[in-house]
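# Breakdown of the fold
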2 protein chains.
Amino acid sequence: MRREGILIVVSGFSGTGKGTLMKRLVKTYDSYALSVSMTTRKARPGERDGREYFFVSHEEFEKELARGGLIEYARYCDHYYGTPRDYVERQLACGKDIILEIEIQGALKIKEQYPTALLLFVMPPDIKELRRRLSGRGTETEEVIKARLSRAKEEAEGIENYDYLVINDDLDLCVEQMHMLIRGAHCAPKRNQNFIQNIRAQLDALAKGED
Amino acid sequence: MRREGILIVVSGFSGTGKGTLMKRLVKTYDSYALSVSMTTRKARPGERDGREYFFVSHEEFEKELARGGLIEYARYCDHYYGTPRDYVERQLACGKDIILEIEIQGALKIKEQYPTALLLFVMPPDIKELRRRLSGRGTETEEVIKARLSRAKEEAEGIENYDYLVINDDLDLCVEQMHMLIRGAHCAPKRNQNFIQNIRAQLDALAKGED
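So, here is what we can say about the structure in this document.

So, how was this worked out
Residues numbered from 1 in each chain as written. Chains lettered and ligands numbered in written order. Predicted model: local features only at pLDDT ≥ 70, side-chain atom pairs only at ≥ 80, totals over all residues. Heavy atoms only, no water. Contact = heavy atoms within 4.5 Å. Salt bridge = Lys/Arg side-chain N within 4 Å of Asp/Glu carboxyl O. Helix = DSSP H or I, 4+ residues; strand = E, 2+ residues; numbered from the N terminus. Nonpolar A, V, L, I, M, F, W, Y, C, P; charged D, E, K, R; others polar. Least-squares fit on C-alpha atoms with pLDDT ≥ 70 in both. Pairing = 2+ DSSP bridges. Axes fitted to C-alpha atoms, helices over the stretch in contact; angles between N-to-C directions. Buried < 20%, exposed > 50% of the residue type's maximum accessible area, 1.4 Å probe, protein only.

### Description of the interface of chain B and chain A
Between chain B and chain A, the residue contacts involve 47 residues of the former and 47 residues of the latter. At the junction of chain B with chain A, the criterion picks out six salt bridges. Elements supplying a minimum of two residues to the side of chain B that touches chain A: helix H5 (127–135), helix H6 (142–157), strand E9 (164–167), helix H7 (171–185) and helix H8 (193–210) of chain B. For the side of chain B that touches chain A, the element with the highest residue contribution is H8(B), accounting for 12 residues. A per-class count over the side of chain B that touches chain A returns 28 nonpolar, seven polar and 12 charged.

### Some words on the relation of the copies chain B and chain A
Rotating chain B by 180° and translating it 0.0 Å along the rotation axis places it on chain A, where the RMSD comes to 0.0 Å. Both copies are brought into coincidence by an operation consistent with a two-fold rotation axis. A share of 100% of the interface residues of chain B reappears at the interface of chain A, consistent with the copies meeting face to face through the same patch.

### Observations concerning the sheet that holds strand E5 (residues 70–76) of chain B
Residues and elements named next belong to chain B. The strand order E4-E3-E6-E5 describes an open sheet built from four strands, whose pairing is mixed. Each edge of the open sheet carries a strand with a single partner, namely strand E4 (53–55) and E5. Ignoring which end each strand starts from, the neighbouring axes of this sheet average 25° apart. When E5 meets strand E6 (residues 79–84), the two strands line up antiparallel, connected through five bridges. The partner of Leu70 across the bridge, within E6, is Pro84. Sheet strands touched by helix H2 (residues 58–66): strand E3 (37–39), E5 and E6. Its angle to E5, the strand with the most contacts, is close to 140°.

### Description of unusual backbone geometry
Residues and elements named next belong to chain A. Positive phi is not limited to glycine here, since Cys77 has a value of about 45°. With respect to the helices and strands, Cys77 occurs in the loop between strand E5 (70–76) and strand E6 (79–84). Phi angles above zero are rare outside glycine, and Asp78 is one such case at about 70°. Along the chain, Asp78 turns up in the loop between E5 and E6. For Asp78, a relative accessible area of 57% gives the class exposed.

Structure below.
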């Protein structure tokens, strides 16, 4: 079967180490690429254009949006963040599995446009651990914890939209598990349409030849 | 996450070694059990009741069918074959993944009744190999080959109903791949409803406690 690249969306509760997991996955296996978002916020020291983000002006972002160049976008704290379509599709065309971290609304928008996208939801091993992670290291204000909790409740409502739950207990095991799930996802019929069409065409040819 | 047993249906083109794969899987990992079908055909030498099949009379089979004791059944060559519900559900209750080999109509009947069932479709690595397997070892009559080909065409039409394609090129690799796919399937939200409900309930409790 010719391998078609998969668009992988990673969501999950705050503090579950999604970013670390994704970076580790990309570092460990060369079949993955990270999606680079476009943003209107200023680059911070050490950030490089095209690596952490594509840094653009408000005008450039809105132009990109208008021409349909973003798969999804959101606005936080007066700044736009979006997923560039060209970049993603170039990676997929190369057979790469491209990973992006995004919350549920964005994940659903992506699934609408890319029905073969794979949606992963990262969770802590148990509720005690979730509570610990939501509270941070005891340095967070009551407000921040409340906001995270309310966000977590909202996210928990959407879990059934995801293909798989990934439990992040041990980082290495979790990276292995994500890799296993993605390898498995490559075996779904909807991600092997060419292979299946080819098998059908050849069976037809075989049947005609034998008549 | 408490592991819930999965009902696994294996279908695929004739001659792709489904039976061998399943037996190997059960032998290699103790999380699996094979489903034992009920049949009205006579036991052959070496076959044992409750191991190869549950051997019953026509009357017993029809009684079982009437009381809803069979998940699916079919009639071939004047004999009934069916999947006993009690046996399957006992294995699932023990957390076992129970595997059965069945053609597409039966697979779809099972999916209707057990929406969390996992449907695997076994394929040869390429069409040349499929042709070889359909023709057997050159000992098959033209009639038999034609029948298999027509059956394969019909089966190929239904592939999109399956969760995964499994390519049987190398037996050991294929058993590993099946095991990987089944382990992955255990991570789907629909197969972890209790865990998710529990997370939601605890998030609610946490939110109430902090108000």
